[in-house]
Amino acid sequence: GRLRSMANGVEIQEEDIQELVESFEEAGEPLDAEGIQEAKEDLQHPPFTIKIFLVAFAYDALQIIGALLVVGVLITIPVQIVFWLILFYWTWSRISGGWWKKPAMKILWKKYIQKVWVRLTVAMGIEFLPFIGAFIPLNTIFILMAWRNESDIVKRFEAMLAAVEP
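What counts as what
- Residues numbered from 1 in each chain as written.
- Predicted model: local features only at pLDDT ≥ 70, side-chain atom pairs only at ≥ 80, totals over all residues.
- Heavy atoms only, no water.
- Core = buried A, V, L, I, M, F, W, Y, C linked by side-chain atoms within 4.5 Å.
- Buried < 20%, exposed > 50% of the residue type's maximum accessible area, 1.4 Å probe, protein only.
- Helix = DSSP H or I, 4+ residues; strand = E, 2+ residues; numbered from the N terminus.
- Expected span 1.5 Å × (residues − 1).
- Patch = residues over 30% accessible without salt bridge, like charges linked within 9 Å, V, L, I, M, F, W, Y side chains within 5 Å.
- Areas by Shrake-Rupley, 256 points an atom, 1.4 Å probe, with all protein chains shown as cover.
- Salt bridge = Lys/Arg side-chain N within 4 Å of Asp/Glu carboxyl O.
- Lys, Arg positive; Asp, Glu negative; His and termini not counted.
- Charge placed at Lys NZ, Arg CZ, Asp CG, Glu CD.
- pLDDT = per-residue confidence, 0-100.
- Axes fitted to C-alpha atoms, helices over the stretch in contact; angles between N-to-C directions.
- Parallel < 35°, antiparallel > 145°, perpendicular 65-115°, else oblique.
- Contact = heavy atoms within 4.5 Å.
- Nonpolar A, V, L, I, M, F, W, Y, C, P; charged D, E, K, R; others polar.

Ranked by internal contacts, the top residues of the largest apolar core, which has 15 residues, are Ile12, Leu20, Phe24, Phe157 and Leu161. Secondary-structure elements contributing two or more residues to this core are β2 (10-13), α1 (14-27), α2 (33-42) and α6 (138-164). Among the elements that take part in this core, α6 stands out by supplying seven residues, more than any other. In this structure, Leu87, Trp90, Tyr112 and Val116 belong to the second largest nonpolar core, which totals 14 residues.

Here's what the structure looks like:
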């Protein structure tokens, strides 16, 4: 489609606008000035969570230690399980809803969830490669990419709202 708008440094295509309109219509919410303002107020820019980043980094470091030292496996596995549960909970909380699970914003959730699941599947596949998977900091990369994707989708949604704003 043709470029419709360049808002907030984000290129918006006609298809994006159509998806937004359909999303609001399916939700039964008005796409008027009041509906747009309400959607803007609901938007939340994801903060960079240093604690989760550090957990992912520590998990990856423990994985390397466990791969290099035989004794390291016995020591690191229990801690890795705890870190894995923390990372799983964080990921699940990001993809299971929140502000963007509102009916008119499901367009965002669909785009984000697809990217997260694909990356998670690829990361898990690499993790199971013998020896190689232990030396690639997949969890740290995954956390950084998930945060960046969420931020990009919020910016895109803001740009879409700006493009249809009366």
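The subject of this paragraph is helix α3 (residues 50-68). Here α3 is 19 residues long and its end C-alpha atoms lie 27 Å apart, about the 27 Å a rise of 1.5 Å per residue gives. Every buried residue of α3 is accounted for by Ile52, Phe53, Val55, Ala56, Tyr59, Asp60, Leu62, Gln63 and Gly66.

On to a negative patch on the surface, then. A surface patch of like charges, here negative, comprises Glu29, Asp32, Glu34, Glu38 and Glu41. Following the sequence through the fold, Glu41 ends up in helix α2. Classification of Glu41 as exposed rests on a relative accessible area of 57%.

Now for the confidence of the model for the protein chain. Averaged over every residue, the pLDDT of the protein chain is 76; residues scoring 70 or more account for 85%. Within the protein chain, no element has a lower average pLDDT than strand β1 (residues 3-7), which sits at 55, and none a higher one than α3, at 88.

For any two helices packed against each other, the geometry is given by the interaxial angle and the distance between the axes. One way to put it is that α1 packs onto α6 with a least axis distance of 10 Å and a crossing angle of 85 degrees. By the angle class used here, α1 and α6 are roughly perpendicular. Between α1 and α6, the residues in contact are Asp16, Ile17, Leu20 and Phe24 and Arg156, Phe157, Met160, Leu161, Ala163 and Val164, respectively. For the contact of α1 with α6, a count of residues per class yields eight nonpolar, no polar and two charged.

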